[in-house]
Amino acid sequence: MNQTQIYTTRKLEKTIQKSIVENSESENKILGEWVATIFYVDRKKCWLIFNKQTKYLLILADIKASELNNITQIFTETLHSQLKNDEIEIDLGTLRKLIGEIKLCETNNDRSANGSLNNCMFSIEQWKVDYGSFENLPFRKINSGLNSSPNQMLNWKYPKELMSEKIKAYVQQSTVVKNK
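Here is a short report on the structure shown in this document. Per chain, the residues get numbers from 1 upward, laid out in the order the sequence is written. Note on the predicted model: pLDDT of at least 70 is required for a residue's local features to be given, and 80 or more for side-chain atom pairs to be given and counted; whole-chain, interface and lining totals, by contrast, use all residues. The basis for every side-chain value is the complete set of non-hydrogen atoms in the structure, without hydrogens or water.

1. Considerations on helix H3 (residues 92-99)
Among the residues making up H3, those that are buried are Thr94, Leu95, Leu98 and Ile99. Down the axis of H3, the smallest arc covering the buried residues is 130°, so these residues share one side. A 3.5 Å cut-off defines polar contacts: any pair of N or O atoms within that distance qualifies, except that in protein one atom must be a possible hydrogen donor and the other a possible acceptor, and neighbouring residues in sequence count only when both atoms are side-chain atoms. Helix and strand definitions follow DSSP, with helices as H or I runs of at least four residues and strands as E runs of at least two, each counted in order from the N terminus. The residue sitting at the N-terminus of H3 and contributing the capping side-chain oxygen is Asp91; that oxygen lies 3.0 Å from the backbone nitrogen of Gly93. Following H3 by one or two positions, Gly100 has its phi on the positive side, about 70°. Relative accessible area decides the class of each residue, using a 1.4 Å probe on protein chains only: under 20% of the type maximum gives buried, over 50% gives exposed, and in between gives partly exposed. As used here, the arc belongs to the directions running from the helix axis to the C-beta atoms.

Below, the structure written as structure tokens:
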């Protein structure tokens, strides 16, 4: 079974200490590692999660400590919703197989990923000012905006382009394996 590791920033790690597990060598080979940080909107905890390979971003809104037992389901369903919003086709069942189980790991101090998260937080802070309250924030729209910005580290490609390519390759590969 696949495992998807999400490395947390120190800030997030402090708030979810009991849910942190040791990282394992069996990371998700298709999507690779993710890095997550926490931010607040109207005192609600939100996570910004960043895929290191594709620079694709995902916002999980209003995450409560009591929901951490269901983080795999929350992450997968939110990612599926965001992918649909970004016009990236994948069946929810196939995405569940691709993601597998989410493992929240302590920070890996990846400066590049943390810098990218900080850049995105600057944009999110501006949207918080523009939209006001938590209820008014269109998280999927904000997320799409972040994933539709060309990235210099990707040779000016869009994160959603690379995520689409990764998912299409996985779907094609799993279809070939099924048909054998």
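2. With respect to the layout of surface pockets
Cavity means a closed set of points on a 1 Å grid over the protein atoms alone, one where a 1.4 Å probe fits but cannot get out, pocket means an open set with protein on both sides within 12 Å along at least 5 of 7 lines, and lining means a residue has an atom within 4 Å of a point. Grid points are joined across faces, edges and corners, and a volume is the space filled by probe spheres set on the points. By volume, the largest pocket is sized at about 260 Å³. For the lining of the largest pocket, the leading source of residues is helix H4 (residues 111-131), giving 4 residues. Polar here means any residue other than Ala, Val, Leu, Ile, Met, Phe, Trp, Tyr, Cys and Pro, which are nonpolar, and Asp, Glu, Lys and Arg, which are charged; Gly is therefore polar. Its residues assigned to classes, the lining of the largest pocket comprises 8 nonpolar, 6 polar and 1 charged. Its volume calculated, the second largest pocket comes out at about 170 Å³. Among the secondary structure elements, those contributing two or more residues to the lining of the second largest pocket are helix H1 (10-15), strand E2 (34-41) and H4. Looking at the lining of the second largest pocket residue by residue, the class counts come to 3 nonpolar, 6 polar and 2 charged.

3. Examining the packing of helix H2 (residues 71-85) against H3
Axis separation between H2 and H3 bottoms out at 10 Å; the angle between their running directions is 125°. When the axis of H2 is compared with that of H3, the two are oblique. As for how H2 packs across H3, the hand of that crossing is right-handed. Between H2 and H3, the residues in contact are Phe75, Thr76, Glu77, Leu79, His80 and Leu83 and Leu92, Leu95, Arg96 and Ile99, respectively. Its residues assigned to classes, the contact of H2 with H3 shows 6 nonpolar, 2 polar and 2 charged. Interaxial angles span 0 to 180 degrees and are taken between N-to-C directions of axes, which are lines fitted to C-alpha atoms, for helices over the stretch in contact. Each angle receives one of four descriptions, namely roughly parallel if under 35 degrees, roughly antiparallel if over 145, roughly perpendicular if within 65 to 115, and oblique otherwise. In a left-handed crossing the near helix is turned counterclockwise from the far helix by less than a right angle, and in a right-handed crossing that turn is clockwise. Contact between two residues is taken to exist if any of their heavy atoms lie within 4.5 Å; hydrogens are not considered.

Take it as geometry only, folks, not as evidence of what the structure does.
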